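Read off the chains here:
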Amino acid sequence: MSTTILLIRHGETPWNAERRLQGHIDIPLSDTGMQQAAALGQALAGEPLAAILSSDLRRAQQTAQAVADLHALPVQTDALLRERCYGAFEGLLYADIAARYPHDYAQWQSRQIDAVMPSGEREAESFRQFYARANAAIARWAAHYDGQAIAIVAHGGVLECAYRAAVGMRLDRPRDFPISNASVNRFSYTDGKLHLLHWGNIEHLAAPAMDELG
C-alpha cells in the first residue's frame, strides 16, 4: 500500500527573517509565522489525515497545532524530525559564521557532506548523518500509517533530505529548489521509497488569504 505524506516546513520565525541559523535552538514563530500557520490550517482543513506529526521544536509544533486544531487530532512529536544540528554555528548570523569560521563555512557551502562543524552547546552532525536520520524518521511514520494520509511538520533541512531521496539527487549537488516557510510538499511512500508528487505549494499564503487572517 501507499502512504500519502504532506511534508510541511514550519512558519516563519524572527530568526528566519534575519538569516540567523537556528538548528536545534528552540525558536517560536513570529507573528507572520503564526498567520502562515493559520492559513495553512485552513488550507488543509479538508484533507483526510490519519495523523499529524511534528518535530519537537516549538516552531514546528506551533505550525502543526494550527493544522491539528481543525482535525481533532493530537500533534505527535518526534525529536528525530528536528533540523540538522549545526553545533557552534547555531545562533549566529550567516555573515558572522563566514567571518568566525571561514574554513568550516567554506566546507559547508561547498557541500562537503561528511564535514562536521565545530561543536558548541551541542555536537554538530554531518549532512550525511542528518540525511539518514531525517529520512529514517519519515519512513518510520509512513510505515506506521501505511495506506493512509499523514501530515509531517518539520524544517527546511528535513524537506531537503526528503526531496533528494525522492528524486535520487546526490547529496553533494547544490540545492536548486526552493524551500518556503509553511509550504506543503506532497509525497507518496511505497515499497520503502519516497516519491515526489508535488513540491512547494504556497497558494494558501497569497495576500487575500493572509489578509483575511490578519
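In the block above lies the structure referred to throughout.
These figures come from a predicted structure and were not determined experimentally.

K.L.:
Whenever I open this one, the pattern of salt bridges confuses me. Can you help?
P.N.:
When their charged atoms lie close together, side chains carrying opposite charge are able to pair. Inspection of the entire model under this criterion finds 14 salt bridges. A salt bridge links R58 to D26; the nearest nitrogen and oxygen atoms lie 3.5 Å apart. One end of the pair, R58, is in helix α3 (residues 58–68); the other, D26, is in the loop between α1 (14–17) and α2 (31–43), and 32 residues separate them in sequence. Among the ionic pairs, D56 bridges to R82, the shortest N-O distance being 2.7 Å. Of this pair, D56 sits in the loop between β2 (51–54) and α3 while R82 is found in the loop between β3 (75–77) and α4 (94–100), placing the two residues 26 residues apart along the sequence. Through salt bridges with shared partners, a single ionic network connects R111, E160, R164 and R175.

K.L.:
It is not clear to me how the sheet that holds strand β5 (residues 184–190) should be interpreted in this structure. Could you clarify?
P.N.:
Within a sheet, neighbouring strands are paired by backbone hydrogen bonds and run either parallel or antiparallel to one another. Here six strands make up an open sheet; going across it, the order is β3-β2-β4-β1-β5-β6 and the pairing mixed. Only two strands of the sheet have a single partner each, and these edge strands are β3 and β6 (193–201). In this sheet, adjacent strand axes meet at a mean angle of 25° when their direction is disregarded. Sheet strands in contact with helix α7 (residues 156–167) are β1 (2–9), β4 (149–154), β5 and β6, and its direction is about 125° off that of β6.

K.L.:
How should I be thinking about unusual backbone geometry in this particular structure?
P.N.:
Negative phi values dominate among residues other than glycine, just as trans dominates among peptide bonds. One non-glycine residue with positive phi stands out, namely R19, at about 55°. Non-glycine residue A182 carries a positive phi angle of around 60°. On the basis of relative accessible area, A182 is assigned to the buried category, the value being 0%.

K.L.:
I'm lost on the side chain of Q36 in this one. Help?
P.N.:
Along the chain, the position of Q36 falls in helix α2. The exposure class assigned to Q36 is buried, which follows from its relative accessible area of 10%. Of the polar contacts made by the side chain of Q36, one reaches the backbone nitrogen of E12; its length is 2.8 Å.

K.L.:
Which parts of the structure should I look at to understand the packing of aromatic side chains?
P.N.:
Two descriptors summarise a pair of aromatic rings, namely the distance from one centre to the other and the angle between the planes of the rings. Applying the stated criterion across every chain, the model contains 12 aromatic pairs. Ring plane angle 90° and centroid distance 5.6 Å describe the contact between F177 and W199, whose orientation is recorded as edge-to-face. Residue F177 is found in the loop between α7 and β5, and its partner W199 is found in strand β6; the two are separated by 22 residues along the sequence. Across the pair, exposure class does not vary: F177 and W199 are buried alike. An aromatic cluster of at least three residues, connected via ring pairs, comprises Y86, F89, Y94, Y101, Y105 and W108. A cation over an aromatic ring shows up here: R111 above the ring of F127, its NZ or CZ 4.9 Å from the ring centre.

K.L.:
Would you explain the layout of surface pockets in this entry?
P.N.:
Think of a ball as big as a water molecule: rolled over the atoms, this probe shows where empty space is left. In this structure, the largest pocket spans a volume of roughly 920 Å³. Around the largest pocket, the lining is made up of 37 residues, and of these L21, Y86, Y94, W108 and R175 lie nearest the centre. For the lining of the largest pocket, the element with the highest residue contribution is helix α5 (residues 102–109), accounting for five residues. Residue classes in the lining of the largest pocket are distributed as 16 nonpolar, 11 polar and 10 charged.

Conventions we followed
- Residues numbered from 1 in each chain as written.
- Predicted model: local features only at pLDDT ≥ 70, side-chain atom pairs only at ≥ 80, totals over all residues.
- Heavy atoms only, no water.
- Salt bridge = Lys/Arg side-chain N within 4 Å of Asp/Glu carboxyl O.
- Helix = DSSP H or I, 4+ residues; strand = E, 2+ residues; numbered from the N terminus.
- Pairing = 2+ DSSP bridges.
- Axes fitted to C-alpha atoms, helices over the stretch in contact; angles between N-to-C directions.
- Contact = heavy atoms within 4.5 Å.
- Buried < 20%, exposed > 50% of the residue type's maximum accessible area, 1.4 Å probe, protein only.
- Polar contact = N/O pair within 3.5 Å; in protein donor to acceptor, adjacent residues only side chain to side chain.
- Phe/Tyr/Trp six-rings, centres within 6.5 Å; stacked < 30°, edge-to-face > 60°.
- Lys NZ or Arg CZ within 6 Å of the ring centre and 35° of its normal.
- 1 Å grid on protein atoms, 1.4 Å probe; cavity = no way out; pocket = protein on both sides within 12 Å on 5 of 7 lines; lining within 4 Å.
- Points joined across faces, edges and corners; volume = space filled by probe spheres on them.
- Nonpolar A, V, L, I, M, F, W, Y, C, P; charged D, E, K, R; others polar.

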